[in-house]
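The lines below spell out each chain.
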Amino acid sequence: MALVRPPLSPAVTEFLARRGRGSGLLIDGQWSGEGGESFATLDPALGEEIGVLPRGGAAEIDAAVDAARRALAGWKATTPLNRAKILWAAADLIEAHIDELAEIETLDQGKPLFVGRWAEIPGAINQFRFFAGQAMAIEGQVIESSIDYQPAGRKMATWTKREPVGVVGAIVPWNSPLVLTAMKLAPALAAGCTIVLKPAENTSLSALRLGELLMQAGVPAGVLNIVTGLGGEAGAALAAHPKVDKIAFTGSTQTGRAIIDAAKGNLKRVSLELGGKSPMIVMPDADLELAIPGVANAIFFNGGQVCVAGSRLYVHAAIRDELLEGVAKYARGLTAGHGLDPATQMGPLVSRLQAERVESFVAGAKAAGASVLTGGERFGDAGTFVQPTVVADVTPDMAIVREEVFGPVLVAQSFDDADAVIAAANDSDYGLAASVWTQSLSHAHRMADALEAGTVWINCHLMYDAALPIGGIKQSGHGRDSGRAALDNYLEWKTVCAVV
Ligand code: NAD
C-alpha cells in the first residue's frame, strides 16, 4: 500500500518550525528546550519523523513544579469570573484554530481528519465552555451546627467551602490527545489549580499548540506548564514529585498501578481514567438498522484506540448471523489511507509497536481455536495499519476476550439467556462502559442497572458530552472526567467552625 501524505497547511508548517525543533517545554510562561536532549515524533502512517521534542526528565519536572507552585497563590486568588473568561476565551481560540489543530492531531496520531475535526476538537472546546460555567458555580454549604458549646452565651456558626487541591500533575495518553488533555486542564483551571502537563510521547504536538493558545487566552505564566518526555522519565518524576498535590492520569491500567505506587511518598491525591473491555449486548428485539452501524462504529472508530471502545460483542443467537454479516460488511467497506486524505475512514494505529501488539492478540486467538470472520492482517508502508477485524468462536478465558487490545478488533460471542449474558458481560476486571441494543424499555432499564460499568449506553455507544461524567469502576479507575463530578478531582473541602 503506497501512501502519499497530502501537503501540510502553512499554519501547521509554521507551527512545526516553531515548536517541532526542540523548543517544546513550557515552564513559567517561557518556551525552551532547544539544544537539549530530545526524541523524535513520527507520522505513524509513514513512519517518518515530523518533529523533535525535548526529552524532559527530573530537572525539567522540578522547574515546572516550582513554577506551578509559585503561581498557585495568585491563580487561586483570581475571581471565578476571571477564570471563566479565560476558559471561554480558550474555547474561542481553539474553535478559531480547529482546522489547524485537527491537522496536527492527524499528522501526529494518524486518526482520520474527520475524527479530530468533527468529534474530538469540538469535544475539547465543549470542555472549556462547560468548565467556564462551572468555575462560577463552585459552592460550599452553611450547615446548622449541633455543637453544644456556647461560651458566654455565644453561638456556633459552621460552614464549608471548596478550595483548589493545589499543583496538579496531568498525564495523558496518545489515543485522543487534545480532548483528553482538555478534560484535565479545563476543570483544574476552573477550580483554581496550577498544572504541570506531561503529554504522551507519541503525540505531544497538539498539547504544545494548545499551550500556546491558552497563554494567548490569558492563562498567566506558571499556571500551565508542559514537559514533554518519556513515561518512565518525565512521567515517573511528576508522579513521585513531593511538591505535586494531585495526579490526574489517563492511560493504561498497568501505568495506573505505577502511578499509585509513585504517589504514596507524599500521599498525593490520584484520579485514574484507565483501560476498558466494554461489552455490547445486542438483544433479539434490537433495531438492526441502528445496531449494525452502531456496533461497528463502536469498535472501528479511531481504529479502536478508544478507552470505551465496544470491544466485546454479545449478540443473541437468533440474530447472530445477520448482525455479524452486517458488521463484517461495514468493516470491509472502510477506506484506509493517510489520515490527512479526506477520503480516509480508517487511519493507522499510533505506532508499529501498537500494530504488532494488536496483531499478536489475533494470532494468539487463532492459535487457540478462534475464527477470524474478516480482517486480521497488518499492512501499510510503516506496518502500522491493521484491518478492521471481527473474531468469533472465542472462549471467555482467551486473552483477546479478557485483555484490552486497543485496536480495531471486535470479539463476538452469542447468547440465549438475558441473565447469563449480564453475568458474562460483568465477568471482567474492567468496568468502564457498556451498551445495550434493544427496543424493550424493560431490558434497557434492567441491564443499565445490572451492568458493572461507569457508563451504560442504550442503542448507542461512544456518546460523549462535556456535562456527563465519564470514568470507570473496578480496574478501569476511580474519579470522573467531564461533568460537575470532574471538579471534585480538583477541589478540597474546608470546614470552618466559628464562635460568633
Ligand atoms: P500508557 O499508560 O502507556 O501511557 C499514558 C501516559 O502515561 C503517557 O503520557 C505515558 O508517557 C505516561 N507514563 C507511562 N509510564 C509512566 C510511569 N511509570 N509514570 C508516569 N507516567 C507514565 O497508556 P497509553 O498506551 O498511552 O494509552 C492507552 C491507554 O489509555 C489504554 O489503556 C486506554 O484504555 C487508556 N485510556 C483511558 C481513557 C479513560 O478515560 N478511561 C481514555 C483514553 C485512554
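Quick note: structure is the one above.
Quick summary incoming for the structure in this document. This structure is a prediction, so every number in the text was calculated from the model and none was measured.

Each value, and the rule that gives it
- Every residue gets a number counted from 1 within its own chain, in the order that chain's sequence is written.
- Restriction of local features to residues with pLDDT of at least 70 applies here, the model being predicted, together with a cutoff of 80 or more for giving and counting side-chain atom pairs; totals for whole chains, interfaces and linings are based on all residues.
- Side-chain calculation: all heavy atoms of the structure are included, whereas hydrogens and water are not.
- A helix here means a DSSP run of H or I that spans at least four residues, while a strand means a run of E at least two residues long, and both kinds are numbered starting from the N terminus.
- For every residue, the accessible area (1.4 Å probe, protein chains only) is compared with the maximum for its type, and the residue is labelled buried under 20%, exposed over 50%, or partly exposed between those bounds.
- Between two residues, a contact is recorded if the distance between any of their heavy atoms is within 4.5 Å.
- Two distance rules govern patches: like charges are joined within 9 Å, and nonpolar side chains (Val, Leu, Ile, Met, Phe, Trp, Tyr) within 5 Å, applied only to residues with over 30% relative accessible area and no salt bridge.
- Residue-level accessible areas treat just the shown protein chains as cover; the underlying method is Shrake-Rupley with a 1.4 Å probe.
- Here a salt bridge means any side-chain nitrogen of Lys or Arg lying within 4 Å of a carboxyl oxygen belonging to Asp or Glu.
- Pairing of aromatic rings covers Phe, Tyr and Trp, the last counted by its six-membered ring, and requires centre-to-centre distances within 6.5 Å; plane angles under 30 degrees mean stacked, over 60 mean edge-to-face, and any other angle means tilted.
- Any Lys NZ or Arg CZ that is within 6 Å of a ring centre and within 35 degrees of that ring's normal is treated as a charge sitting over the ring.
- We call a residue near a molecule or strand as soon as one heavy atom of that residue lies within 4 Å of the molecule or strand.
- By the criterion applied in these results, polar contacts are pairs of N or O atoms within 3.5 Å in which, for protein atoms, one can donate a hydrogen and the other can accept it, and in which residues neighboring in sequence qualify only through two side-chain atoms.
- The distinction between a cavity and a pocket rests on a 1 Å grid over the protein atoms alone: a 1.4 Å probe fits inside a cavity but cannot get out, while a pocket stays open yet meets protein on both sides within 12 Å along at least five of seven lines, and a residue with an atom within 4 Å of a point counts as lining.
- What decides whether a molecule sits in a cavity or pocket is whether more than half of its atoms lie within 2 Å of the grid points.
- Here the nonpolar group is Ala, Val, Leu, Ile, Met, Phe, Trp, Tyr, Cys and Pro; Asp, Glu, Lys and Arg are the charged ones; every other residue, Gly included, is treated as polar.
- Grid points are joined across faces, edges and corners, and a volume is the space filled by probe spheres set on the points.

### Topic: the environment of Ala67
Here Ala67 is to be found in helix H2 (residues 58-77). Note on Ala67: relative accessible area 1%, which makes it buried. Placed 129 residues apart in sequence, Ala67 and Val196 show a C-alpha to C-alpha distance of 9.0 Å. Excluding residues that lie within four positions of it along the chain, Ala67 makes contacts with Ile27, Asp28, Gly222 and Asn225.

### What about a nonpolar patch on the surface?
A cluster of nonpolar side chains, namely Ile147, Tyr149 and Val499, defines an oily patch on the protein surface of about 290 Å² accessible area. With respect to the helices, strands and loops of the structure, Ile147 is situated in the loop between strand S5 (142-143) and strand S6 (156-164). With relative accessibility at 42%, the residue Ile147 sits in the partly exposed group.

### A few points about the packing of aromatic side chains
One pass over the structure, following the stated rule, counts three aromatic pairs. Consider the rings of Phe130 and Phe131, whose centres lie 5.0 Å apart with planes at 90 degrees: the pair is edge-to-face. Residue classification places Phe131 among the buried positions, given a relative accessible area of 0%. Ring centres of Trp174 and Phe406 lie 5.3 Å apart, and the angle between their planes is 75 degrees; this geometry places the pair in the edge-to-face category. With a gap of 232 residues between them, Trp174 in the loop between strand S7 (167-171) and helix H6 (177-191) and Phe406 in the loop between helix H13 (399-402) and strand S18 (409-415) connect regions that are remote in the sequence. On the basis of relative accessibility, which here comes to 13%, the residue Phe406 falls in the buried class. The side chain of Arg19 reaches across the aromatic face of Trp31, ending 4.1 Å from its centre.

### Some remarks on the site of the ligand
Around the ligand, the surrounding shell holds 26 residues, and the nearest of these are Lys198, Glu201, Ser252, Thr255 and Glu404. Separating an oxygen atom of the ligand from a side-chain N or O atom of Thr255 is a distance of 2.7 Å. Within the contact set of the ligand, a nitrogen atom lies 2.7 Å away from a backbone nitrogen or oxygen of Leu274. Out of a free accessible area of 840 Å², the ligand has 87% covered by protein chains. Because more than half of its atoms lie within 2 Å of the grid, the ligand is assigned to the largest pocket. Elements represented by at least two residues in the shell around the ligand include exactly helix H8 (231-240), strand S10 (246-250) and helix H9 (253-263). For the shell around the ligand, the class distribution of residues is 14 nonpolar, eight polar and four charged.

### Description of the layout of surface pockets
Space inside the largest pocket adds up to approximately 1,100 Å³. Taken together, 39 residues form the lining of the largest pocket, with Trp174, Gly251, Ser252, Gln254 and Thr255 sitting closest to its centre. Within the residue set of the lining of the largest pocket, elements represented by two or more residues are H8, S10, H9 and helix H12 (352-367). Considering every element that reaches the lining of the largest pocket, the biggest residue donor is H9, with seven residues. Its residues placed into classes, the lining of the largest pocket shows 18 nonpolar, 14 polar and seven charged. For the second largest pocket, the calculated volume is near 510 Å³.

### Some points on empty space enclosed by the protein
Summed over the entire model, instances satisfying the criterion amount to four cavities of 30 Å³ or more. Empty space within the largest cavity amounts to approximately 90 Å³. Every residue lining the largest cavity is listed: Leu180, Met183, Thr250, Glu273, Leu274, Cys307, Leu432, Tyr464, Ile470, Gly471 and Asp481. Split into classes, the residues belonging to the lining of the largest cavity amount to seven nonpolar, two polar and two charged. A volume near 70 Å³ is recorded for the second largest cavity. As for the second largest cavity, its lining consists of 13 residues, and the residues nearest its centre are Ala309, Ser311, Glu404, Val405 and Phe406. Classifying every residue of the lining of the second largest cavity gives seven nonpolar, four polar and two charged.

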